[in-house]
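Spelled out, the chains give:
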Amino acid sequence: MEILKSPDELKNFLELARGTIGFVPTMGALHEGHVSLFRKAKKDSDICIASIYVNPTQFDDPQDLNRYPNAIQNDQELMRANGVDSAFFPTYHQLYPDDYTYQVAERIFSKELCGKTRQGHFTGVLTVLMKLFLMIRPDKVFLGEKDYQQLELVKGMVNAFHMGIEIVGCPTIRESDGLAMSSRNKNLTPSQRQEAPKFFELLSKRGDDSQISEELVKCGFEVDYVVSRKDRRYGAVTLGSNGNKVRLIDNVVLR
Ligand code: AMP
């Protein structure tokens, strides 16, 4: 696996690369959810490129950014063992020579669900992905259904800007008790970790959104939203308080 630490190193790698390119953007602290994307990318394309970059412009809360887990040694091993040909680790100054003066924004869906409380979150996500897509020029990009709103918005962006990239949505990988795998799970205390699977369990239950929301509150979750939209129910909750808050998001298909 080649480690690329600058856009110039990426450019040199791409000049020699032959065949289709599959790209997996991540923020590191990798787990089996990310691994499933690497494997799928390698299976569906000739070359698999993955990036690790904790993108500050998508965090509305500096504390959340500071607490974002980091496990670079383990990440490199997981990437190497699961089909990643090249790992790209850009820096803020390399990605944002404009210091975030230029932005890619969506006006409607990005203001709903997670966008309602996380001001500017999806503008940060879309902007960094636009930059990475233009630098890497992948044929296919592999994203998890766990972040379904993000997946929909990225598909919309690629379509809106005629980018000619196929966006491949990949199923959510869960722990055996149903909790969706997430880098943020590493910040859960042991007792929060025991409570967390109740989120997926209740989100999957029959009933209307407000009823599910009330049950989540009874179980100790602070509820950001539970919203059904088309054939899917989306939810976001937090566990813990003040300096020890962990936000969980998930979504399920309604039957
Ligand atoms: P992140 O590192 O959290 O920004 O996620 C990078 C990519 O991995 C995104 O496309 C996520 O949707 C995807 N991902 C994160 N968790 C999971 C999971 N449990 N199952 C499948 N994909 C996931």
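Residues numbered from 1 in each chain as written. Predicted model: local features only at pLDDT ≥ 70, side-chain atom pairs only at ≥ 80, totals over all residues. Heavy atoms only, no water.

Draft legend 1. Quick look at the pairing of strand E2 (residues 21-26). Summarising burial for E2: 6 of the 6 residues are buried, a large majority. Because side chains alternate across E2, one face comprises the buried residues Ile 21, Phe 23 and Pro 25, and the other comprises Gly 22, Val 24 and Thr 26, equally buried. Two elements, E2 and strand E3 (residues 47-52), share 6 bridges in a ladder whose sense is parallel. Bridging from a neighbouring strand, Pro 25 pairs with Ser 51 of E3. With helix H2 (residues 32-44) bridging E2 and the parallel E3, this β-α-β connection has right-handed handedness. Here 2 bridges tie E2 to strand E5 (residues 140-144), and the two strands are oriented parallel to one another. When the sheet's bridge partners are listed, Phe 23 is paired in E5 with Val 141. (Buried < 20%, exposed > 50% of the residue type's maximum accessible area, 1.4 Å probe, protein only. Helix = DSSP H or I, 4+ residues; strand = E, 2+ residues; numbered from the N terminus. Pairing = 2+ DSSP bridges. Right-handed = clockwise from strand over helix to strand, strands pointing away.)

Draft legend 2. The arrangement of the pairing of strand E7 (residues 222-229) in detail. Pairing analysis gives 7 bridges linking E7 to strand E8 (residues 232-239), with the strands arranged antiparallel. Residue pairing for E8: Tyr 225 is matched across the bridge by Ala 236. Once E7 ends, the chain turns through 2 residues before running back antiparallel as E8, passing Lys 230 with a positive phi of about 50°.

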